[in-house]
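A structural walkthrough
Chain residues, written in single-letter form:
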Amino acid sequence: MNRREFLKGLAATSYIGLSSGSVLTPLNAFATSGSKASDDWLTTGSHFGAFKIKRKNGVIDQVIPFDLDQYPTDMMNGVKGLVYNPSRIRYPMVRLDFLLKGHKSDTKQRGDFRFVRVTWDKALTLFKESLDEIQTKYGPSGLHAGQTGWRATGQLHSSTSHMQRAVGMHGNFVKKIGDYSTGAGQTILPYILGSTEVYAQGTSWPLILEQSNTIILWSNDPYKNLQVGWNAETHESFAYLAQLKEKVSQGKIRVISIDPVETKTQKYLECEQLYVNPQTDVALMLGIAHEIVTKKWHDAEFIQGYSLGFEQFLPYLLGESDGLAKTPEWASQISGVSPDIIRDLAKVMTQGRTQIMMGWCIQRQQHGEQPYWMAAVLATMIGQIGLPGGGISYGHHYSSIGVPSSGAAAPGAFPRNLDEGQKPLFDSNDFKGASNTIPVARWVDAILEPGKTIDANGAKVTYPDIKMMVFSGNNPWSHHQDRNKMKLAFQKLECVVTIDMNWTATCRFSDIVLPACTTFERNDLDVYGSYANRGILAMHKMVEPLFDSLSDFEIFTRFAKLLGKENEYTRGMSEFDWLQKLYNDCKADNLGKFNMPDFEAFWKDGYVHFGEGQPWTRHADFRTDPEMNPLGTPSGLIEIFSRKIAQYNYDDCPGHPMWMEKTERSHGGPGSDKYPMWMQSCHPDKRLHSQMCESQQYRETYTVQGREPVYLNPIDAKQRGIKDGDLVRVFNDRGQLLAGAVVSDSFPRGIIRIHEGAWYGPVGKDGSKQGGNEIGALCSYGDPNTLTQDLGTSKLAQACSAYTCLVEFEKYQGKIPEVSAFSGPIETLI
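Within an unreviewed UniProt entry, the label attached to the chain reads Trimethylamine-N-oxide reductase, and the organism entered is Shewanella oncorhynchi. Of the comments in the UniProt record for the chain, the one headed Function (unreviewed entry) reads "Reduces trimethylamine-N-oxide (TMAO) into trimethylamine; an anaerobic reaction coupled to energy-yielding reactions." The Subcellular location (unreviewed entry) field of the UniProt record for the chain holds the comment "Periplasm".

Looking at the overall build of the chain
Summing up its helical and strand segments, the chain has 29 helices and 32 strands in all. Seen through its C-alpha atoms, the chain measures out along the principal axes to roughly 80 × 65 × 55 Å. The burial tally for the chain puts 66% of its 830 residues in the buried class. Accessible area for the chain stands at about 28,600 Å²; split by element, carbon and sulfur atoms hold 48% of it. For the chain, the centre of its 85 positive side-chain charges and the centre of its 92 negative side-chain charges are spaced 4 Å apart.

Remarks on the side chain of R734
Note that R734 resides in the loop between strand 26 (727-732) and strand 27 (735-743). Accessibility expressed as a relative area gives 15% for R734, which makes it buried. Within polar-contact distance, the side chain of R734 engages the side chain of E664 at 2.8 Å. Excluding anything up to four places from it in sequence, R734 contacts D482, N484, E664, T786, L787, T788, Q789, C805 and L806.

Points about helix 15 (residues 328-335)
With 6 of 8 residues buried, helix 15 lies mostly within the body of the structure. Among the residues making up helix 15, those that are buried are P328, W330, A331, S332, I334 and S335. Where helix 15 ends, the next residue or the one after it, G336, has phi of about 80°, a positive value.

Considering the pairing of strand 15 (residues 453-456)
With 4 bridges joining them, strand 15 and strand 16 (residues 459-462) adopt antiparallel strand pairing. Within strand 16, the position partnered with D455 by the bridge is K460. Between strand 15 and the antiparallel strand that follows it, strand 16, lie 2 residues; N457 among them carries a positive phi value of about 55°.

Remarks on the sheet that holds strand 21 (residues 535-539)
On the basis of which strands lie adjacent, the open sheet formed by 3 strands has the order 20-21-22 and antiparallel pairing. Edge positions in the open sheet fall to strand 20 (524-528) and strand 22 (607-609), since each of these has one partner strand only. Strand-to-strand, the axes of this sheet are offset by a mean angle of 15°, without reference to chain direction.

Brief notes about helix 20 (residues 483-490)
Counting buried positions along helix 20 yields 7 of 8 residues, so the element is predominantly enclosed. Buried within helix 20 are the following residues: R483, N484, K485, M486, K487, A489 and F490. Each element contacted by the buried residues of helix 20 is listed here: helix 18 (443-448), strand 17 (468-472), helix 19 (476-479), strand 18 (495-500), strand 27 and strand 29 (762-763).

Here's the deal with the sheet that holds strand 32 (residues 826-827)
Overall, mixed pairing links the 7 strands, which are arranged 6-17-18-19-4-5-32 in an open sheet. A strand with exactly one partner marks an edge of an open sheet, and here the two such strands are strand 6 (143-144) and strand 32. Across 2 bridges, strand 5 (residues 114-117) lies against strand 32 in parallel orientation. Pairing of F115 across the sheet is with E827, part of strand 32. Packed onto the sheet, helix 22 (residues 552-562) meets strand 17, strand 18 and strand 19 (512-515) and runs at close to 140° relative to strand 18.

Remarks on the confidence of the model for the chain
Model confidence for the chain is summarised by a mean pLDDT of 94, while 95% of its residues fall at 70 or above. A low-confidence stretch, residues 1-37 (pLDDT under 50), is modelled with 58 contacts involving residues beyond four sequence positions or located in other chains.

Re the environment of L207
Within the fold, L207 resides in helix 8 (residues 205-211). Taking C-alpha positions, L207 is 43 Å from V807, a pair spaced 600 residues apart along the chain. The contact partners of L207, leaving out residues within four places of it in the chain, are S212, P388, G389, P615, W616 and T617.

So, the nonpolar core
Of all hydrophobic cores here, the largest spans 97 residues; its most connected members are W218, I288, M358 and Y394. Among the elements that take part in this core, helix 17 (residues 369-382) stands out by supplying 10 residues, more than any other. Discounting chain neighbours no more than four positions away, the residues touching M358 are W218, N220, M285, P371, Y372, A375, I392, S393, Y394, G395 and H397. Of all hydrophobic cores here, the second largest spans 52 residues; its members include L143, L550, L582 and Y583.

Observations regarding the UniProt feature "domain: Molybdopterin dinucleotide-binding" (unreviewed entry) in the chain
Taking the numbering used here, the UniProt-annotated feature "domain: Molybdopterin dinucleotide-binding" (unreviewed entry) corresponds to residues 678-805. Secondary structure within residues 678-805 divides into 8% helix and 23% strand; the distance between the first and last C-alpha atoms comes to 6 Å.

Description of the packing of helix 12 (residues 281-294) against helix 16 (residues 339-350)
Running from N to C, helix 12 and helix 16 cross one another at 65°; their axes reach a closest spacing of 8 Å. Considered as vectors, helix 12 and helix 16 are oriented roughly perpendicular to each other. Remark: the crossing between helix 12 and helix 16 carries right-handed chirality. Only I342, R343, L345, A346, M349 and T350 of helix 16 make contact with helix 12, whose side of the interface consists of L284, G287, I288, E291 and I292. In terms of residue class, the contact of helix 12 with helix 16 is built from 7 nonpolar, 2 polar and 2 charged.

Considerations on the side chain of S130
Position of S130 among the secondary structure elements: in helix 5 (residues 120-137). For S130, a relative accessible area of 3% puts it in the buried group. Those residues within four positions of S130 in sequence are excluded, and the remaining contacts are F98, H103, M468, C495 and I512.

A closer look at unusual backbone geometry
The phi angle of most residues is negative, glycine excepted, and most peptide bonds adopt the trans form. The residue S219 is not glycine, and still its phi comes out positive at about 50°. The residue S219 is located in the loop between strand 8 (214-218) and helix 9 (222-225) in this model. A residue is classified by how much of its surface remains accessible, and S219, at 16% relative accessible area, is buried. Despite not being glycine, N457 has its phi angle at roughly 55°, a positive value. Relative to the helices and strands, N457 resides in the loop between strand 15 and strand 16. What makes N457 partly exposed here is its relative accessible area of 36%.

With respect to the environment of M75
Assignment of secondary structure puts M75 in the loop between strand 3 (59-65) and helix 3 (79-83). You can call M75 buried: its relative accessible area is 1%. Spatially, the C-alpha atom of M75 lies 9.1 Å from that of V228, the residues being 153 residues apart in sequence. Filtering out sequence-adjacent residues up to four positions away, M75 remains in contact with F48, Q227, V228, D685, K686, R687, M692 and Y698.

Notes on the packing of aromatic side chains
The description of an aromatic ring pair rests on the distance of the ring centres and on the angle between the ring planes. Here the structure, examined in full by the defined rule, presents 46 aromatic pairs. Residues Y223 and F238 carry aromatic rings whose centres are separated by 5.2 Å and whose planes lie at 75° to one another, so their mutual orientation is edge-to-face. With Y223 in helix 9 and F238 in helix 10 (residues 237-250), the pair connects residues that are 15 residues apart, well separated along the chain. When its relative accessible area of 7% is taken as the criterion, F238 is described as buried. A centroid spacing of 5.0 Å and a plane angle of 85° characterise the contact between Y781 and F822, whose relative ring orientation is edge-to-face. One end of the pair, Y781, is in the loop between strand 30 (778-779) and strand 31 (806-811); the other, F822, is in the loop between strand 31 and strand 32, and 41 residues separate them in sequence. F822 carries the same exposure label as Y781, and that label is buried. A cation over a ring is seen here: R699 above F822, with NZ or CZ 3.6 Å from the ring centre.

Conventions we followed
- Residues numbered from 1 in each chain as written.
- Predicted model: local features only at pLDDT ≥ 70, side-chain atom pairs only at ≥ 80, totals over all residues.
- Heavy atoms only, no water.
- UniProt positions renumbered as here; feature names shortened; annotations may be inferred.
- Helix = DSSP H or I, 4+ residues; strand = E, 2+ residues; numbered from the N terminus.
- Buried < 20%, exposed > 50% of the residue type's maximum accessible area, 1.4 Å probe, protein only.
- Areas by Shrake-Rupley, 256 points an atom, 1.4 Å probe, with all protein chains shown as cover.
- Lys, Arg positive; Asp, Glu negative; His and termini not counted.
- Charge placed at Lys NZ, Arg CZ, Asp CG, Glu CD.
- Polar contact = N/O pair within 3.5 Å; in protein donor to acceptor, adjacent residues only side chain to side chain.
- Contact = heavy atoms within 4.5 Å.
- Pairing = 2+ DSSP bridges.
- Axes fitted to C-alpha atoms, helices over the stretch in contact; angles between N-to-C directions.
- pLDDT = per-residue confidence, 0-100.
- Core = buried A, V, L, I, M, F, W, Y, C linked by side-chain atoms within 4.5 Å.
- Parallel < 35°, antiparallel > 145°, perpendicular 65-115°, else oblique.
- Left-handed = near helix turned anticlockwise from the far one by under 90°.
- Nonpolar A, V, L, I, M, F, W, Y, C, P; charged D, E, K, R; others polar.
- Phe/Tyr/Trp six-rings, centres within 6.5 Å; stacked < 30°, edge-to-face > 60°.
- Lys NZ or Arg CZ within 6 Å of the ring centre and 35° of its normal.

Given below as structure tokens:
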């Protein structure tokens, strides 16, 4: 996109006309500033990989992969669109009625998208005054600034750290625990294996390729998900997947993908795929375990020496405690997998070295703790935990887990908390009897039901009476469930502040919106390769911040100045002072092991290489000596039965893994008579959650009639008169959306897929332009969380259950609305 095309695109957007005279000034300044800078190749990093970028006349001209990236993702083609897109927030904006009436505004208007442009001083003053009012009237229990989303690449400009440090200097606030990605898994696994496991380094790929006879990909699609990472991704895992593909073709390793659909990984590896009815994996696992026990294929010695509680679990498995033996025949009736195949799986998994690799989607369902727990029990029965190429992992699809780590120390980050001795302006810890920390996915419940007490991970949590929310660099109107429920909750809030780069739906439903610049419009540094830790990458500023956007550092430095705490906030250091400090601290930590150059040389070269690491086996120390290297469980052993969980007396998470029916389940389960289709809303193939959905030209490479694709089985589609490329209305009692039909044999009957992260673009119920803030509005683009239910996984984790979701679909017959997800607000003059 050249500069003329960029300006033409801006002029075509919905809110440019009212301020077109002022738009060109910052753009001219931006181009002039950029043209003075070097137009040589510069380095930077992103979740999608590391890049070298060249400017021309101050505008990003070319983007190519970093020299070390041998497997760059197609998402590289969307990088320009992250900077140049019509969704950019151009100026500080305030919702019209909030600007007029403040905390007494008509909150039912929130989401009507009428905003007024204000100066930075005005916006930050309103932000501070709102915090003043909340702290004065309600105290810290009235404010939630807990942050619930991902990060922007870079160690300095962390949206979470800057927002929470600055707001914390004003006063205390409600925080969250856990995350949406692995909420159930990270809660249950410390009881079973002694750590969260989901974010732990796994057995190295070279050892798996060398030692494994069988790899079980259980609801796991690494070839799709390894395109992105927490830091700047190296994509080294793809070299190992290529080797695995070769071994599969040679018959040296058997790979079985257990998943209701044919995954991208299964197609790439050309490996086996085993269909299982959605949400019934625990029943299948129990059937496998029953066969292993009755055939005496389990490793009794390993179970005896390394685990606890098999004796308490066995009566349930054999049916002695409930009169229902979990035989392959029993499991087949629920899971849809034939008894013979279940028996074959039991044999295959116990004869030879077996590596089980669990995905994350499987635990984002009601009772999502159970499949992770039962999978750990299976791995314990097989007896290969701690052996190279055997055991179980919960993260080989994430951020290059399994790539041997360099072992170098990584750079630190801008501090999130106050420094020692610092006090907030409103120094109160009175949460009025409510909890100051709540499970991440229960904040909407807290707004709707203040004072309610729930069970959560062995504790009692009392919901605070939240009156104000602050979001920075995250998009809960993408990753949370049930949009109509969220609208009801947001109508109860007095003030919502969002700091972001683009007009996400979260901004749409906010009162004060502050424009942050992108990662390509400020200087930073980051680790290259999250778990590989291959080196440190300089993230050179590519272009000057567009419009009136500012870096997170600058936004909250200005905010801290309003509090009289600017020097406390920055510690008297500039952006480059901080970058040098973070780098030099890392250099000191690596002294003697990795000799790093001085900062100036690093910044000029753009990269410091730590080299490759040595292969490593997860849990090997524990297997070698469980007494000297115990797990972090209460017993130090693998806990098949958890006495601690059993003492909680939860009806939906007892002391050992069990099969429990869901409130909604397709293929003959509850609710399937009315809504027969299971909607799978897994991680997308063309973005990172909702990041990069704003990249217009790249988005247009996969959308259908400008909508998010909905993947349909050919027979299901034909029965409803739908063909490839049609517009489809997907609906249930919770909401409705439009999506574009992609008919594919990869998806079996009764299952549809809409990738999560699709931006919410509400319009009226009948497709009219107005009414997007109404209950029952139609999502014009295809956000699957319009349809998902906001239900905790269990009393243990209280995590999200997006996968427990039934829907129906039909060919859309009404007036086709314009997509409202990516346009700016209706700018109003007062």
